Every structure is written in structure tokens, then in C-alpha cells.
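Architecture and fold: a report
The primary structure of each chain is shown beneath.
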Amino acid sequence: MIRRATAFALAAVLCSAAFQADTIRLADGSAIEGVQVVNEGLKEVVYKEGGKDKTVASATVVAVEFEKKPKEIDEAEGLIGEDDFEGAVDTLDAYVAAMLGRNPGSFKWGPAYAAWRAVDVRTRVADLNGMRTAAERVVRSYAESRYVPAAYLAKASAELQLGRPADAQATLAEFWALVESQGLDKRWQLECKLSQVESDEKLKGDARRSEYERIAGEARAYPATRTRAQVL
């Protein structure tokens, strides 16, 4: 009976582990399921599947759903679900600060993810100054993370909404230099161009509309970028 109980317990643990798997959502609507994400890099997301390391281009990743997270991130996600955005931001910021210069262990992706979530939450509550500062932290502290392109765009967006288009243009020029030096995907070239047009005070009326239409035409392979251009 003891052996049978032990076997059942082991089977339950193995079944539980099988369901504790991450999901990578891709821009084409497909998903890579039942994997363990190891690292979210600037160019590639590394994950384990069947005991082997595999990669997918970061530019094609829309989101990663982590089944298991550091307890601080779990707590912050719970607070977001309760609309306690201030508490969530405080929790995320504290975790990021505590992890600076430390080994994140098995959650290699944790600090950069938390830093980006802090940007995301501030965006939701229109905390523009906080959004700008948090985005700058992602860019400076997690330069190899897949969240860096989105952080540059968020920073520029905050600066534009704060009435500082020149700052937004400077941020986007820095982003463009990164895109070129690192050979990042065309998605980021188009996103950068789109934000540059949006923050260019010299472009008016038909000239601005024509630039948006041109970018939308180039972005056929990138539905989200194309839609944003069409909406603008």
C-alpha cells in the first residue's frame, strides 16, 4: 500500500509538472505551448522543449504566459487583477531593485519582465512621468532583453504626451541607432519610423497622412504595426 501510495504521489507530481508549462504567443496568432522559457533576449527567446534548447525570434513574440513566476511578480499580478495598480507598481519596483546585480536563479527572465510590467501598469493609469522613468530603466538596466524595443517606444510616447516632442525624437533616434547596430527585425524599423512621424511637428495634414499610408503599406507582414499606422 505504501509503495502504491508513493507511486500515485509521484504520478501526481509528474502530472502537475507537465501542466506547469509556459506558452509563447506569436504575432501570426499561433502559440508554442508546453515549454519552459529560459531567457527573453533582444533577438531570440530561448525555451526548453523535450529537454532541448530551442529559439524563436523575439520580434515575432507578442507575449509569454509564464506558468510559474517569482513570488513578488505573482503578488503584483494579483494586485493588478484587483485594480490595485499602485500596490502592483510598488511591488514590481521593489523586486527589480532587490534583484539588481544579483543572480535571479531559475527565473533569468524575471527582473526584465518585472521592469517591463512596471512600464505597462504605469501606461494603463496614464502615469506619464513614471512611465518614462520606468521605460528608461528597462533600456539602461536590461539592454539585452526583448522588452527594450517596446520600452523605447513607450518612453517616446510618454515624452510626446508630456508635450516634449524634441525629447521623443531624441529617444527614437537612439532607438533607430540600436535597430541598425544590432540588425533588429524590420518590425522595429517600421515601429520606429511610425513613432518618428507621429512626433514630428513639421509634418502636417496630407504630408503626415501620406507617411502613415506608406508605413502601413510596408507593414503588411506586421498586422499590429499596420493597424496602428492605419488608425493614426
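Scoring rules and cut-offs
- Residues numbered from 1 in each chain as written.
- Predicted model: local features only at pLDDT ≥ 70, side-chain atom pairs only at ≥ 80, totals over all residues.
- Heavy atoms only, no water.
- Patch = residues over 30% accessible without salt bridge, like charges linked within 9 Å, V, L, I, M, F, W, Y side chains within 5 Å.
- Areas by Shrake-Rupley, 256 points an atom, 1.4 Å probe, with all protein chains shown as cover.
- Salt bridge = Lys/Arg side-chain N within 4 Å of Asp/Glu carboxyl O.
- Lys, Arg positive; Asp, Glu negative; His and termini not counted.
- Charge placed at Lys NZ, Arg CZ, Asp CG, Glu CD.
- Helix = DSSP H or I, 4+ residues; strand = E, 2+ residues; numbered from the N terminus.
- Axes fitted to C-alpha atoms, helices over the stretch in contact; angles between N-to-C directions.
- Parallel < 35°, antiparallel > 145°, perpendicular 65-115°, else oblique.
- Left-handed = near helix turned anticlockwise from the far one by under 90°.
- Contact = heavy atoms within 4.5 Å.
- Nonpolar A, V, L, I, M, F, W, Y, C, P; charged D, E, K, R; others polar.
- 1 Å grid on protein atoms, 1.4 Å probe; cavity = no way out; pocket = protein on both sides within 12 Å on 5 of 7 lines; lining within 4 Å.
- Points joined across faces, edges and corners; volume = space filled by probe spheres on them.
- pLDDT = per-residue confidence, 0-100.

**Considerations on a negative patch on the surface**
- There is a patch of like negative charges on the surface, built from Glu82, Asp83, Asp84, Glu86 and Asp90.
- Summarising the element assignment, aspartate 90 is placed in helix α3 (residues 85-99).

**Examining the packing of helix α4 (residues 110-124) against helix α5 (residues 128-141)**
- Look at α4 against α5: their axes get within 9 Å of each other, and the N-to-C directions meet at 160°. As the angle between them shows, α4 and α5 are arranged roughly antiparallel. For α4 against α5, the interelement crossing comes out left-handed. Residue-level inspection shows Ala115, Trp116, Ala118, Val119, Arg122 and Thr123 of α4 in contact with α5, the latter providing Gly130, Met131, Ala134, Ala135, Arg137 and Val138.
- Among the residues forming the contact of α4 with α5, the class breakdown is 8 nonpolar, 2 polar and 2 charged.

**A few points about the layout of surface pockets**
- Volume-wise, the largest pocket comes out at about 460 Å³.
- What lines the largest pocket is a set of 23 residues, and nearest its centre among them are Trp116, Ala150, Leu153, Arg187 and Trp188.
- Looking at the lining of the largest pocket, the elements that each hand over two or more residues are β5 (61-65), α6 (148-161), α7 (165-182) and α8 (186-199).
- A breakdown of the residues in the lining of the largest pocket according to their chemical character gives 14 nonpolar, 4 polar and 5 charged.

**Structural notes on the confidence of the model for the chain**
- Per-residue confidence for the chain gives a mean pLDDT of 91, with 91% of residues at or over 70.
- Below a pLDDT of 50 lies the segment residues 1-19, which in the model reaches 1 contact outside its immediate sequence neighbourhood of four places, other chains included.

**Re the packing of α3 against α4**
- At a closest axis distance of 9 Å, the pairing of α3 and α4 adopts a crossing angle of 155°. The angle between the axes of α3 and α4 places the two elements in the roughly antiparallel class. Seen from above, α3 lies across α4 with left-handed handedness. Across the interface between the two elements, Phe85, Val89, Leu92, Asp93, Tyr95, Val96 and Met99 of α3 pack against Gly110, Pro111, Ala114, Ala115, Arg117, Ala118, Val121, Arg122 and Arg124 of α4.

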